[in-house]
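Inside the fold
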Amino acid sequence: MVFESVDHAYDFYCEYAKKAGFCVRKGGSYMNNGLLKSKYSTCSKEGHKPANSYDSMVEKDSSNRPYYKRRKRPTIRCGCRAHFFLKSDDGLRFEIYDFIEVHNHEMVDANDMHFVRSNRKLTHVQQDIIYEMSTLNLGVVKAFNIMRTKYGGFEEVGATKDDCKNFKQSLTCYIVEYDAEMVVQRLSGKKTVVMVIRFEYTINTKGDLDRLFWADEISKKNYLVFGDIISFDATFKTNKYNMVFVPFTTTDNHCRNVTVGAALLSSESIEPYSWLLKVFLDSFGIAPKVVVTDQDLVMKRAISLVLPNSRHRLCMWHIMKKLAHKAHGMNNDHDTRYTHPDPVSENPFEKEAKLMYTKAVFNDFQDEMYHIRSGVACLKSTEEEDFVRFSFDFNASVPNYLEVLFKKEGEEGIDSTISCGSK
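Quick summary incoming for the structure in this document. (Residues numbered from 1 in each chain as written. Predicted model: local features only at pLDDT ≥ 70, side-chain atom pairs only at ≥ 80, totals over all residues. Heavy atoms only, no water.)

So, about the sheet that holds strand E4 (residues 83–87). Strands sit in the order E1-E5-E4-E3-E2 across an open sheet of 5 strands; the sheet is antiparallel. Strands with a single pairing partner mark the edges of an open sheet, and in this sheet they are strand E1 (2–3) and strand E2 (24–32). Relative to strand E5 (residues 94–100), E1 runs antiparallel, the two being bridged by 2 bridges. Bridging across to E5, Phe-3 finds its partner in Phe-94. (Pairing = 2+ DSSP bridges. Helix = DSSP H or I, 4+ residues; strand = E, 2+ residues; numbered from the N terminus.)

Okay, here's the thing in structure tokens:
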């Protein structure tokens, strides 16, 4: 009997073993002048497992390598001599040279043959199903159960759950080296189909992905309708890539969060944030009226550089979240519990904080809030005859104020002559 290739002959022997009730294992081969001359396949119970000698008194072997005590595993080998031997003269066509059919062990029952290793194999269709399920956040076990239902039973799948897990692990190991390139290629392919999609990326000197921003057509529509106020916050570096995920979100008419863009950054400095805001502005063409962030000074600096006409506001949720950390371990003695805090201005926000915080916590809150305030903040304004008095706060730690007097004129405008006094 002649075969066109070694793989063809091996598949033929595996099909024979499936009907007979045993498992096949690939054996050795012989090469001559770069041509495969012989190849044999055996029963999986051929030969005997070599005994691993381990001396607990010796730390290293003859090659100066340390000994490792291995788990004692049972063996299925019993010296079966059944095999399938092929030979070839030209390395292209193979014929059967020797064939031993007799086994010295019991055969596997036909109902259990789908558990035999040589009969377990995932087809390309099944591999594609596992991959597509993983993109939908469905695990390997769920993918296997779907295939079991689709094919009509465990034995019809042709593989076990462990085989599916091993394939997913191999696929993940392969993707790890090319995942960033695959993301860029996928977004590039989408952009060729949908021209509205916008994505930008940069790489560092090592060739690794440094920054990535993307926004699809739905995000752009949401921004045009609900983009007056946006919020963006950077997550911590908790992923294996040590990158920061930055989502841009807003709210719709039903007070639900709507994503209008997302980005990945390798660092949280002014340059990456400035690049991100410039790309965001170029993608949508219109700057948001209000930008809400946490108390990150780097974000504040980047917003003032790229979006000077947008109002920057702090998120109240982040401020209240820090309250427990600030108040933890604070000594609530008589001096702090029963002494009212002293506000330095008539700001309504400071009045509300006075009612919630103790004096010690209020002082920390006061220092932090006035430390991050940008520019000069107007505290109050009063009318005095022909003048309007504005009070500005330059430094909250000491009561320094600047009083500016503007002379009131008619509806046409205000006189350019300004009288200033400070104290």
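Attention shifts here to the environment of Ala-302. As for its placement among the helices and strands, Ala-302 is situated in helix H8 (residues 297–306). Beyond its immediate stretch of four places on either side in the chain, Ala-302 contacts Ile-270, Tyr-273, Ser-274, Leu-277 and Leu-307. (Contact = heavy atoms within 4.5 Å.)

A few words on the pairing of E2. In this structure, E2 lies alongside strand E3 (residues 35–43), joined through 7 bridges in antiparallel fashion. Directly across from Asn-32, in E3, lies its bridge partner Leu-35. Between the end of E2 and the start of E3, which pair antiparallel, lie 2 residues, with Asn-33 showing a positive phi angle near 55°.

Moving on, we come to the pattern of salt bridges. A full pass over the atoms with the stated rule returns 7 salt bridges. Taking the shortest distance from any N to any O, the salt bridge between Glu-4 and Arg-93 comes out at 3.2 Å. Taken together, the positions of Glu-4 in the loop between E1 and helix H1 (6–20) and Arg-93 in the loop between E4 and E5 put the pair 89 residues apart, joining distant regions of the chain. On the accessibility criterion, Arg-93 (42% relative accessible area) is partly exposed. In this structure, the salt-bridge partner of Arg-211 is Asp-210, at a minimum N-O distance of 3.5 Å. According to the relative accessible area criterion, Arg-211 is buried, its value standing at 12%. Residue Asp-210 is classed as buried on the basis of its relative accessible area, which comes to 15%. Several salt bridges converge on common partners, so that one network encompasses Asp-210, Arg-211 and Glu-271. (Salt bridge = Lys/Arg side-chain N within 4 Å of Asp/Glu carboxyl O. Buried < 20%, exposed > 50% of the residue type's maximum accessible area, 1.4 Å probe, protein only.)

Under the counting rule described, the total for this entry stands at 2 cavities of 30 Å³ or more. Roughly 50 Å³ of internal volume is contained in the second largest cavity. Of all the secondary-structure elements, those providing two or more residues to the lining of the second largest cavity are H1, E3 and E4. Taken together, the residues of the lining of the second largest cavity break down into 6 nonpolar, 1 polar and 2 charged. (1 Å grid on protein atoms, 1.4 Å probe; cavity = no way out; pocket = protein on both sides within 12 Å on 5 of 7 lines; lining within 4 Å. Points joined across faces, edges and corners; volume = space filled by probe spheres on them. Nonpolar A, V, L, I, M, F, W, Y, C, P; charged D, E, K, R; others polar.)

Here we come to the sheet that holds strand E11 (residues 290–293). Ordered by their spatial adjacency, 7 strands build an open sheet running E6-E7-E10-E9-E8-E11-E12, and the pairing between neighbours is mixed. Of all strands in the sheet, those with a lone pairing partner are strand E6 (198–203) and strand E12 (311–314), marking the two edges. Shown here is a sheet whose adjacent strand axes are inclined to one another by a mean of 20°, direction ignored. Sheet topology places strand E9 (residues 244–251) next to strand E10 (residues 257–265); 8 bridges connect them, and they run antiparallel. Residue pairing in the sheet places Phe-245 in a bridge with Leu-264 of E10. Contacting E6, strand E7 (209–215), strand E8 (229–232), E9 and E10, helix H6 (residues 217–226) crosses the sheet at an angle of about 120° to E10. Taken strand by strand, helix H7 (residues 270–284) contacts E6, E7, E8, E9 and E10, and its axis lies near 25° from that of E7. (Axes fitted to C-alpha atoms, helices over the stretch in contact; angles between N-to-C directions.)

On to the packing of H6 against H7. In helix packing, the relevant descriptors are the interaxial angle and the interaxial distance, both defined with respect to the helix axes. Two elements in contact, H6 and H7, have axes separated by 11 Å at closest approach and are oriented at 85°. By the angle between their axes, H6 is roughly perpendicular relative to H7. Here Ser-219, Lys-220 and Tyr-223 of H6 lie close against H7, whose contacting residues are Phe-280, Ser-283 and Phe-284. In the contact of H6 with H7, the residues fall into 3 nonpolar, 2 polar and 1 charged. (Parallel < 35°, antiparallel > 145°, perpendicular 65-115°, else oblique.)

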